[in-house]
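Here's the letter readout for the chains.
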Amino acid sequence: FGSRQSKLDALAKNHLFVVDAEMLHSQAYYARGGGGRQRAGSSESPILQRDAAAAKLRALLEHKEGSSLRAWLRHFDRNNDRRTTKHEMYGALDRLGCKEEVLSLFEILDTDKSGELTLEEIDASQAILWNRFVEWSVRSFGSSVEMIHRLNDMLELEEVT
């Protein structure tokens, strides 16, 4: 457990495996190392609030889809613009079976106040993995569309032989 993100992820997995509505959207609830809670009116920094909210969301996505990247691609970024709005996030969480109030979770995570979230703001390590894959596919095939065509052609050849 070297980084703050990995500590928060581990804490989220241990203490937030079953995520309820209050835990997902409340700025008043933040896990600490001993499993304690940070209550309303605290002086919790916005960075720690964001990190805790992102860890909770990552834990939920990993629980529901196996990884936050898979959940991002299947539910959050369905139009492939590499971002999600509040409305898209609400739809994504609804599809995942979560009927929580998204507004405060979104506001905590949207620290740049752009009105959109990127995978980087939710799970930086999965965003790096996705970016590397996209770069590889462009380098190797010219585009993701060409990659799909070539892989499909290879599969068809294997079926014939």
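Parameters and conventions
- Residues numbered from 1 in each chain as written.
- Predicted model: local features only at pLDDT ≥ 70, side-chain atom pairs only at ≥ 80, totals over all residues.
- Heavy atoms only, no water.
- Core = buried A, V, L, I, M, F, W, Y, C linked by side-chain atoms within 4.5 Å.
- Buried < 20%, exposed > 50% of the residue type's maximum accessible area, 1.4 Å probe, protein only.
- Helix = DSSP H or I, 4+ residues; strand = E, 2+ residues; numbered from the N terminus.
- Phe/Tyr/Trp six-rings, centres within 6.5 Å; stacked < 30°, edge-to-face > 60°.
- Arc of directions from axis to C-beta.
- Contact = heavy atoms within 4.5 Å.

The next point concerns the nonpolar core. Leu 57, Leu 61, Phe 76, Met 89, Leu 93, Leu 105 and Leu 109 are the most contacted members of the largest nonpolar core, which has 22 residues in total. With five residues, the single largest contributor to this core is helix α3 (residues 46-65).

The next point concerns the packing of aromatic side chains. As enumerated under the stated definition, the model contains four aromatic pairs in all. Judged by centre distance (5.5 Å) and plane angle (80 degrees), the rings of Trp 136 and Phe 141 are edge-to-face. The class of Trp 136 is partly exposed, set by a relative accessible area of 38%. Note on Phe 141: relative accessible area 15%, which makes it buried. Chaining the aromatic ring pairs together yields one cluster made of Trp 130, Phe 133, Trp 136 and Phe 141.

Among the residues of helix α4 (residues 68-76), those classed as buried are Ser 68, Leu 69, Ala 71, Trp 72, His 75 and Phe 76. Seen from one end, α4 has its buried residues packed into an arc of 165 degrees, which puts them on one side. Against α3, β1 (84-85), α5 (86-95), β2 (116-117), α7 (119-122) and α8 (124-141) lie the buried residues of α4.

One non-glycine residue, Arg 82, lies in the positive phi region at around 65 degrees. Here Arg 82 lies in the loop between α4 and β1. The backbone of Lys 113 shows a phi angle near 55 degrees, a positive value even though the residue is not glycine. Examined against the element boundaries, Lys 113 turns out to sit in the loop between α6 (103-109) and β2.

Turning to the environment of Lys 64, a few remarks are in order. Take Lys 64: it is sitting in helix α3. Sequence-wise, Lys 64 and Leu 96 are 32 residues apart; in three dimensions their C-alpha atoms are separated by 6.9 Å.

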